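Residue-level listing of the chains:
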Amino acid sequence: MSRAQLTRTGILRMALGGGGAADPLLPAEGGEGGRAPFLLRALRIAVVVCLYWFTSIAMVFLNKYLLDSPSLRLDAPIFVTFFQCALTAALCLGLSLGAACGPPCPGLPALRLDPKVSRSVLPLSAVFIGMVTSNNLCLKYVGVAFYNVGRSLTTVFNVLLSYLLLKQTTSLYALLACGVIIGGFWLGVDQEGAEGTLSWTGIFFGILASLCVSLNAIYTKKVLPVVDGSIWRLTFYNNVNACVLFFPLMLLLGEFRTLYHFDKLGNPSFWGMMTLGGVFGFAIGYVTGLQIKFTSPLTHNVSGTAKACAQTVLAVIYFEETKSFLWWTSNLMVLGGSFAYTWVKGLEMRKVQEDPNVKSSERNDTGV
């Protein structure tokens, strides 16, 4: 994922898969979908998966254009991220106002800015800013084809932080899968260096993005009670806080001066692309939730791994790049390790859920 695919996606995924408030825009469990004919359900799942793939891949390519296009020549990554956060907050507010004017929708709460709640969410917002900014900066400095490998250590940080902060141990098979991911990451870095396309700045931000994604999931679980378990309120406050905090960053990095001298600042097509990027960034959370609802968190992770593979192949074809055998091997190692980890954790979760001697709290702590 890019600003990606992990900005609001990680938050929404946790809420849907881990007991957060129900999403009013998603189909209810046990409704007509459960009684639909097999062919209709299969078609519905195929449409949802294709929608997730299209939204996710399109967002990465669009963000790459906004962040590092030779034709656009806009060196203001913080501004791009700020605009997307502002648009997300506006869309959340718009949906809330629309729900207030239409039929009652208890799952979609009325949104208003409470300074006390905003301060409580601030620690998470700091991690959130680190996540979305480092994701975009990684994409700016590395190619789309290498982007998945560049920020592939999220799973490894999940295991590490689970042990350091939550004192949760990980099975040997899951650790072996993490070892494959680390090996693929280092092989990918080596091959990028051999081809002369390695950016250590991009690698740094990729590692930072992986760390922030893991921290974001942990802090989200702690902060959700502050917003009454509402993922919409949390998304709103996170993005409003981010907009405020981005201003001094843009000032410090001189991006206001860059924007002043930007020759396409009054170009409608530029703002159209910026708006489209923000809409895709908002939509990825929704389509991720749809995919989880119609399949499962485990299937969603498998679909995300397959999507990353397709994204890499498309990037190599679109940018007319030539990659070595070992470069492809590094990608396969990362994808294979990620799939193996998902499969192992899925089996472990199933065993825990089927064991009547396991406490319910331990079941909730077992993730995919």
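Residues numbered from 1 in each chain as written. Predicted model: local features only at pLDDT ≥ 70, side-chain atom pairs only at ≥ 80, totals over all residues. Heavy atoms only, no water.

(A) Quick look at the packing of helix α6 (residues 154-166) against helix α7 (residues 172-194). Closest axis-to-axis distance for the α6/α7 pair is 9 Å, and the angle between their directions is 140°. Regarding the angle of α6 to α7, the classification is oblique. The interaxial crossing formed by α6 with α7 has left-handed handedness. For the pair α6 and α7, contact is made by Thr155, Val156 and Val159 and by Leu175, Cys178, Ile181 and Ile182, respectively. Along the lines of polarity and charge, the residues of the contact of α6 with α7 split into six nonpolar, one polar and no charged. (Axes fitted to C-alpha atoms, helices over the stretch in contact; angles between N-to-C directions. Helix = DSSP H or I, 4+ residues; strand = E, 2+ residues; numbered from the N terminus. Parallel < 35°, antiparallel > 145°, perpendicular 65-115°, else oblique. Left-handed = near helix turned anticlockwise from the far one by under 90°. Contact = heavy atoms within 4.5 Å. Nonpolar A, V, L, I, M, F, W, Y, C, P; charged D, E, K, R; others polar.)

(B) The arrangement of the UniProt feature "transmembrane region" (unreviewed entry) in the protein in detail. Under the UniProt annotation, "transmembrane region" (unreviewed entry) lies at residues 45-66, 78-100, 121-143, 173-189, 201-219, 231-250 and 270-290. Across residues 121-143, the secondary structure splits into 91% helix and 0% strand, with the terminal C-alpha atoms separated by 33 Å. Counting secondary structure, residues 201-219 comes out at 100% helix and 0% strand; the distance between its end C-alpha atoms is 26 Å. (UniProt positions renumbered as here; feature names shortened; annotations may be inferred.)

(C) Quick look at the confidence of the model for the protein. Chain-level statistics for the protein give a pLDDT mean of 83 and a share of 83% at 70 or above. Considering only residues more than four positions removed or in separate chains, one finds that residues 1-34, a stretch of pLDDT under 50, has 104 contacts. Here residues 360-368 is modelled with pLDDT under 50, and outside its nearest four sequence neighbours on either side it reaches 17 contacts, counting other chains as well. (pLDDT = per-residue confidence, 0-100.)

(D) Seen up close, the pattern of salt bridges. Counted by the stated rule, this structure contains nine salt bridges. The shortest N-O distance in the salt bridge between Asp228 and Arg233 comes to 3.7 Å. One continuous salt-bridge network, built from bridges that share partners, spans Glu192, Glu195, Glu321 and Lys323. (Salt bridge = Lys/Arg side-chain N within 4 Å of Asp/Glu carboxyl O.)

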